[in-house]
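# A closer look at the structure
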Amino acid sequence: ETAVFQTPNYHVTQVGNEVSFNCKQTLGHDTMYWYKQDSKKLLKIMFSYNNKQLIVNETVPRRFSPQSSDKAHLNLRIKSVEPEDSAVYLCASSYDWGEYAEQFFGPGTRLTVL
Amino acid sequence: GDSVTQTEGQVTVSESKSLIINCTYSATSIGYPNLFWYVRYPGEGLQLLLKVITAGQKGSSRGFEATYNKEATSFHLQKASVQESDSAVYYCALSPHMGYKLTFGTGTSLLVDP
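From a predicted model like this one, the values you see are computed outputs, not experimental measurements.

All names here are of chain A. Sheet analysis places strand β3 (residues 19–25) next to strand β8 (residues 73–78), joined by four bridges and oriented antiparallel. The residue bridging Phe 21 from the neighbouring strand is Leu 76, located in β8. Where strand β7 (residues 64–70) lies against β8, five bridges are found, and the strand directions are antiparallel. Residue pairing for β8: Gln 67 is matched across the bridge by Asn 75. A loop of two residues connects β7 with β8, the two strands running antiparallel in sequence.

Next up, the structure:
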């Protein structure tokens, strides 16, 4: 099956802990993204990688760091989570990073910070 | 910066009735933006429903249509006769001309009553 896969589906943790989310795409795409969907349902891009190179780094706190081992994987690590990090994190991929490249999304990881 | 506004958070429509989901946008980059509708069915990831990259054109997919109205800066989604399987969350989005960064609206949850 070719798609974008994310693990875990849900994660509950306490303030100050470190979490890591995994994303893998089997579509053969060169570009991958991380988005954050907050409690107001606003979906915002956080990072974008093209061929393992960071090409977009929106203004996100430094405790967020993407990690790419190859162009099929883009993980997201959050050091010392805070309550405002509670959100759904969506991973996506596209064939390239041109304006017409359709983005394919994973099902998301819901993070709850207590 | 760019923004997308969807005024209805939730819409309920009876099966076989018509549907319109409103979307307006504001784009600050040079040139006309590319416009998209994404859909998220229960338990699935976001997927592209339709896109229009030329002002004045109409896009269509799975019975849905949306017309790129640059004068009104709108991109409303319409369907003449909805089905229960159309129940999902619909997101309007834009990317800048010659750019790829997607800006999403907050989504409209559609519930179709059988």
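Before going further, it helps to spend a moment on the state of the cysteines. All names here are of chain A. A complete count under the given rule lists two disulfides over all chains for this structure. Note that Cys 23 is cross-linked by a disulfide to Cys 91, the S-S spacing being 1.8 Å. Its torsion about the S-S bond being -80°, the disulfide of Cys 23 and Cys 91 is classed as left-handed. Here the residue Cys 23 occupies a position in strand β3, and Cys 91 occupies one in strand β9 (residues 87–94), the gap between them amounting to 68 residues. On the basis of relative accessibility, which here comes to 1%, the residue Cys 23 falls in the buried class.

Residues and elements named next belong to chain A. Read from one edge to the other, the open sheet built from four strands follows the order β1-β3-β8-β7, with strand pairing classed as antiparallel. Each edge of the open sheet is held by one strand with a lone partner, namely β1 (4–7) and β7. For this sheet the average axis-to-axis angle between neighbouring strands, irrespective of direction, equals 20°.

Time to look at the packing of aromatic side chains. Counting across every chain of the model gives 12 aromatic pairs over all chains. Here Phe105(A) and Phe104(B) contribute two aromatic rings whose centre-to-centre distance is 6.0 Å and whose plane-to-plane angle is 80°, an arrangement assigned as edge-to-face. On the criterion of chain membership, the pair formed by Phe105(A) in strand β10 (residues 104–105) and Phe104(B) in strand β11 (residues 103–104) is interchain, its members lying in two chains. Exposure class is identical for Phe105(A) and Phe104(B). Each is buried. Taking 6.3 Å as the distance between ring centres and 90° as the angle between the ring planes, the aromatic pair formed by Tyr91(B) and Phe104(B) counts as edge-to-face. Residue Tyr91(B) is located in strand β10 (residues 88–95), and its partner Phe104(B) is located in strand β11; the two are separated by 13 residues in the primary sequence. Residue class for Tyr91(B) comes out buried when judged on its relative accessible area of 5%. A relative accessible area of 2% means that Phe104(B) is categorised as buried.

Let us look at the pattern of salt bridges. All names here are of chain A. Scanning all chains against the criterion turns up eight salt bridges over all chains. In this structure, Arg 77 engages Glu 18 in a salt bridge whose closest nitrogen and oxygen atoms are separated by 3.8 Å. Residue Arg 77 is found in strand β8, and its partner Glu 18 is found in the loop between β2 (10–13) and β3; the two are separated by 59 residues along the sequence. The class of Arg 77 is partly exposed, set by a relative accessible area of 25%. Between Glu 84 and Arg 63 there is a salt bridge, with the nearest N and O atoms lying 3.8 Å from each other. Taken together, the positions of Glu 84 in the loop between β8 and β9 and Arg 63 in the loop between β6 (53–57) and β7 put the pair 21 residues apart, joining distant regions of the chain. Given a relative accessible area of 48%, Glu 84 falls into the partly exposed group. A cluster of three or more residues bridged by salt bridges with shared partners is formed by Arg 63, Glu 82, Glu 84 and Asp 85.

Rules used in this analysis
- Residues numbered from 1 in each chain as written.
- Chains lettered and ligands numbered in written order.
- Predicted model: local features only at pLDDT ≥ 70, side-chain atom pairs only at ≥ 80, totals over all residues.
- Heavy atoms only, no water.
- Pairing = 2+ DSSP bridges.
- Helix = DSSP H or I, 4+ residues; strand = E, 2+ residues; numbered from the N terminus.
- Disulfide = S-S within 2.5 Å.
- Buried < 20%, exposed > 50% of the residue type's maximum accessible area, 1.4 Å probe, protein only.
- Axes fitted to C-alpha atoms, helices over the stretch in contact; angles between N-to-C directions.
- Phe/Tyr/Trp six-rings, centres within 6.5 Å; stacked < 30°, edge-to-face > 60°.
- Salt bridge = Lys/Arg side-chain N within 4 Å of Asp/Glu carboxyl O.

This is a description of form; function is not addressed.
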